[in-house]
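Chain residues, written in single-letter form:
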Amino acid sequence: MALHLVNIKKNSFIVLLLIAVLSFLLKGRQLFFKAPDTFPQNHIKLNAYIEDWPSSPLISSLTAPWKNHLQDGTKFDYKVANDFLYFYFEVIDTTLITPPLKDEISIAQGDRVELFFSANKDLENYYCIEISPKGYVLDYQASYYRKFERTWNCKSLNIASRITQNGFIIEGQLSLRELNTLGMGSSLYLGLFRADFYESNKTDWYSWVIPNSKKPDFHIPSAFQAIEDLKTK
Ligand SMILES: [Ca+2]
Ligand SMILES: [Ca+2]
């Protein structure tokens, strides 16, 4: 009887060992069979030139929902490489307005592009990065609805910017580790926006997805798009 018990224990141990080995191998296979990254890991140079990006970006225009759904031709793409999230905006803007930089808030008085990140759709806690054509950054943490904590800074953010003949280019990176510390993993919610200032006091507001709002507002859940598997991008 005792010998039988020993055998059962021994067999259970072998089964567990087999399961462990098998799951390890399967894990390895999953990693091995991950969609091949055709984008060389060291390909992106943070220099505001976008020849190092694929020719067909994720986004080829933002939309102005409150201005007859005008399309602006803004190109945006992102990639994950070397533990960083890289992104760029190529913006057509022939009415560049960039007020002198007194403090971060000055950036909100002029042309800019914006990335908002949230771990979940309710916007209990989300993070906003607004970037001027000159590469100046206004960053802050926020909670729904419009509770802003302006002392927050995106520590790992690096930006390269360039004014072009017909607009500007912003190329940037931030670390996945920082996104992790902010509660975001492979899945997150991303909002992409643009403010186009012109004729000294007019502004058109552009967005990737169309927010469910009658007036310009990006600080609502419907302005965000779910990103399901950031790391395979
Ligand atoms: Ca580049
Ligand atoms: Ca403008």
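Structure: above.
Here we summarise the structure given alongside this text.

Reading guide: rules and limits
Residues numbered from 1 in each chain as written. Chains lettered and ligands numbered in written order. Predicted model: local features only at pLDDT ≥ 70, side-chain atom pairs only at ≥ 80, totals over all residues. Helix = DSSP H or I, 4+ residues; strand = E, 2+ residues; numbered from the N terminus. Buried ≥ 20, exposed ≤ 12 C-beta atoms within 10 Å, placed from the backbone. Pairing = 2+ DSSP bridges. Axes fitted to C-alpha atoms, helices over the stretch in contact; angles between N-to-C directions. Contact = placed C-beta atoms within 7 Å. Core = buried A, V, L, I, M, F, W, Y, C linked by C-beta atoms within 7 Å.

1. Quick notes on unusual backbone geometry
Then step 1. With an omega dihedral of 5 degrees, the bond running from Tyr144 to Tyr145 counts as a cis peptide bond.
Then step 2. The residue Tyr145 is located in the loop between strand 7 (137-143) and strand 8 (147-149) in this model.
Then step 3. Its identity is not glycine, yet Ala48 carries a phi of approximately 65 degrees, on the positive side.
Then step 4. Of note, Ala48 is situated in the loop between helix 1 (2-32) and strand 1 (63-64).
Then step 5. With 19 C-beta atoms packed within 10 Å, Ala48 lands in the partly exposed category.

2. Quick word on the environment of Asn201
Then step 1. With respect to the helices, strands and loops of the structure, Asn201 is situated in the loop between strand 11 (188-198) and strand 12 (202-207).
Then step 2. By the C-beta count within 10 Å, which is 7 here, Asn201 ends up exposed.
Then step 3. Sequence spacing of Asn201 and Gly110 is 91 residues, and the spatial spacing of their C-alpha atoms is 9.8 Å.

3. Description of the sheet that holds strand 3 (residues 75-81)
Then step 1. As summarised here, the arrangement of the four strands in space is 3-4-10-9, forming an open sheet in which the pairing is antiparallel. Each end of this open sheet is capped by a strand with a single partner; those strands are strand 3 and strand 9 (158-164). In this sheet, neighbouring strand axes are inclined to one another by 10 degrees on average, regardless of whether the strands run parallel or antiparallel.
Then step 2. In the sheet, strand 9 pairs with strand 10 (residues 167-175) via seven bridges, with the strands oriented antiparallel. For Arg162, the partnering residue across the bridge sits in strand 10 and is Ile169.

4. A short note on the environment of Ile131
Then step 1. Relative to the assigned elements, Ile131 resides in strand 6 (residues 126-131).
Then step 2. Residue Ile131 is classed as buried on the basis of its 23 C-beta neighbours within 10 Å.
Then step 3. C-alpha separation for the pair Ile131 and Ser161, spaced 30 residues apart in sequence, amounts to 9.2 Å.
Then step 4. For Ile131, the residues in contact, after removing those within four places along its chain, are Arg112, Val113, Val137, Ile159 and Ile170.

5. Some words on the pairing of strand 11
Then step 1. The element strand 11 is largely enclosed, with a buried count of nine among its eleven residues.
Then step 2. Both strand 5 (residues 112-118) and strand 11 contribute to a ladder of seven bridges, which runs antiparallel. Paired with Ser118 across the strands is Tyr189, a residue of strand 11.
Then step 3. One ladder, built from three bridges, connects strand 11 with strand 13 (residues 225-227); its direction is antiparallel. Bridging from a neighbouring strand, Tyr189 pairs with Ala226 of strand 13.
Then step 4. The turn linking strand 11 back onto strand 12 is made up of three residues, and Glu199 within it adopts a positive phi angle of 45 degrees.

6. Here's the deal with the pairing of strand 4 (residues 84-92)
Two faces belong to every sheet, and in a regular strand the side chains alternate between them.
Then step 1. For strand 4, a buried count of eight out of nine residues is recorded, marking the element as mostly surrounded by other parts of the structure.
Then step 2. Bridge analysis of strand 3 against strand 4 gives seven bridges, and the strand direction is antiparallel. If you follow Val80 over to strand 4, its bridge partner there is Leu85.
Then step 3. Joining the antiparallel neighbours strand 3 and strand 4 is a turn of two residues, in which Asn82 adopts a positive phi near 50 degrees.
Then step 4. Two strands pair when backbone bridges link them, and strand 4 and strand 10 are joined in this way by nine bridges, in the antiparallel orientation. Within strand 10, the residue paired with Phe84 across the bridge is Ser175.

7. Considerations on the nonpolar core
Then step 1. One finds Tyr88, Phe117 and Ile170 to be the most contacted residues of the largest nonpolar core, which totals 43 residues.
Then step 2. Listing elements by their share of this core, those giving two or more residues are strand 3, strand 4, strand 5, strand 6, strand 10, strand 11 and strand 12.
Then step 3. Looking at which element gives the most residues to this core, the answer is strand 4, with seven residues.
Then step 4. In contact with Phe117, other than residues within four places in its own chain, are Tyr126, Tyr127, Leu179, Met184, Leu188 and Leu190.

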